[in-house]
Amino acid sequence: MSVKRSSRWLLALISVFTLIELGLMLADLGVLGPARLRLVAYENGGFWPGLLEDWQPNYPAQPYLMFLTYSFLHTGVVHLIVNMLTLWSLGTAVTARVGLRGFALLYTLSILGGAVGYALLATGLRPMVGASGALFGLAGGLLAWMYVDRFTYRQGLLPVVQAVVLLIVLNLVLWWAMGGQLAWETHLGGFITGWIAALLIDPRPLSSRESGLSKTEDRT
């Protein structure tokens, strides 16, 4: 797959997230749709732990679809911008490694893994939204491949350990700055899922993949 084609798909995904948040922002300002549109979107698309217990869903498939739909919603423009910049950076690296199909599979599984992490570890009933579970999954996948590459060629694993520690510190700082409202459970679930999924999608070290590019240039 060409870099231009993968970039177009990443931009398309970013555009979807942006258009959703733009619509909600315009509703918040009273320019478009009902003023409570954001609340309606959260009520129907956010991840609500109570729906896994005895809460009544707004529609029959909500307890299942929320494992995916939560990732399309954000809490505001800052949340969106940070996540979209991260998506572009990590997504470009992932598509360069495994192509668009590999990216799509890793991203989707990380969304699900983030939701599962939140369902299992969150202690409250507050809703969760945002693409960060998937983004931590992309980071986990990239670090898994870095681990494979460096372990295979005996280059030392310190950079991998440093990156993992940095992510842990980042979560601790954000958790403190946000008064404990950070959905770290989603980040952890996405990261673990992304790490495992990456090794299943492409367990080979990088140079091994490069040697076979002439035969499998377009993997999508």
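Residues numbered from 1 in each chain as written. Predicted model: local features only at pLDDT ≥ 70, side-chain atom pairs only at ≥ 80, totals over all residues. Heavy atoms only, no water.

**So, the confidence of the model for the protein**
Per-residue pLDDT for the protein has a mean of 92; in total, 93% of the residues score no lower than 70. Across residues 211-220 the pLDDT falls below 50, and counting only partners more than four positions away or on other chains, this stretch makes 14 contacts in the model. (pLDDT = per-residue confidence, 0-100. Contact = heavy atoms within 4.5 Å.)

**A look at the nonpolar core**
With 40 residues, the main nonpolar core has Phe17, Phe47, Leu87, Phe103, Leu106, Tyr107 and Leu138 as its most contacted residues. Within the residue set of this core, elements represented by two or more residues are α1 (3-28), α3 (62-69), α4 (77-121), α5 (132-152) and α7 (184-201). Element by element, the count of residues in this core is highest for α4, at 13 residues. Of all hydrophobic cores here, the second largest spans five residues; its members include Leu24, Ala41, Leu73 and Val129. (Core = buried A, V, L, I, M, F, W, Y, C linked by side-chain atoms within 4.5 Å. Buried < 20%, exposed > 50% of the residue type's maximum accessible area, 1.4 Å probe, protein only. Helix = DSSP H or I, 4+ residues; strand = E, 2+ residues; numbered from the N terminus.)

**Let's talk about the pattern of salt bridges**
Scanning the entire structure with this criterion turns up five salt bridges. A salt bridge links Arg38 to Glu21; its shortest N-O distance comes to 2.7 Å. Here Arg38, found in helix α2 (residues 37-45), pairs with Glu21, found in helix α1; they are 17 residues apart in sequence, far enough to count as distant. As far as the burial class goes, Arg38 and Glu21 line up, both buried. Here Asp202 makes a salt bridge to Arg204, at a shortest N to O gap of 3.3 Å. A single salt-bridge network, built from bridges that share partners, covers Glu21, Asp28 and Arg38. (Salt bridge = Lys/Arg side-chain N within 4 Å of Asp/Glu carboxyl O.)

**Points about the environment of Val98**
Considering the arrangement of structural elements, one finds Val98 in helix α4. For Val98, a relative accessible area of 2% translates into the label buried. For the pair Val98 and His74, spaced 24 residues apart in sequence, the C-alpha to C-alpha distance is 28 Å.

**A closer look at a nonpolar patch on the surface**
Taken together, the side chains of Val116, Leu120, Leu121, Trp175, Trp176, Trp184, Leu188, Ile192, Ile196 and Leu200 make up a nonpolar region of the molecular surface, amounting to roughly 1,100 Å² of accessible area. For the nonpolar patch, the secondary structure elements donating two or more residues are α4, α6 (158-177) and α7. In terms of residue count, the dominant contributor to the nonpolar patch is α7 (five residues). Structurally, Leu200 is set in helix α7. (Patch = residues over 30% accessible without salt bridge, like charges linked within 9 Å, V, L, I, M, F, W, Y side chains within 5 Å. Areas by Shrake-Rupley, 256 points an atom, 1.4 Å probe, with all protein chains shown as cover.)

**Digging into α2**
Listed as buried for α2 are Arg38, Ala41, Tyr42 and Gly45. In a view along the axis of α2, the buried residues occupy a sector of 95 degrees, so they form one face of it. For α2, the elements touching its buried residues are α1 and α3. (Arc of directions from axis to C-beta.)

**Quick look at the side chain of Glu185**
Relative to the elements of secondary structure, Glu185 occurs in helix α7. Despite its burial, Glu185 pairs with no opposite charge, the nearest such side chain being Arg126 at 5.0 Å. What Glu185 contacts, discounting residues up to four positions off in sequence, is Gly114, Gly117, Tyr118, Leu121 and Ala122. (Lys, Arg positive; Asp, Glu negative; His and termini not counted.)

**Some thoughts on the packing of aromatic side chains**
Applying the stated criterion to the full structure yields nine aromatic pairs. Consider the rings of Phe47 and Phe67, whose centres lie 5.0 Å apart with planes at 85 degrees: the pair is edge-to-face. Residue Phe47 is located in the loop between α2 and α3, and its partner Phe67 is located in helix α3; the two are separated by 20 residues in the primary sequence. Owing to a relative accessible area of 0%, Phe47 belongs among the buried residues under this scheme. Taking the relative accessible area as the measure of exposure, Phe67 reaches 17% and is therefore buried. For the ring pair Trp48 and Trp55, a centre distance of 6.0 Å and an interplane angle of 45 degrees mean the geometry is tilted. Members of the aromatic cluster, connected to one another through ring pairs, are Phe47, Phe67, Tyr70 and Tyr118. (Phe/Tyr/Trp six-rings, centres within 6.5 Å; stacked < 30°, edge-to-face > 60°.)

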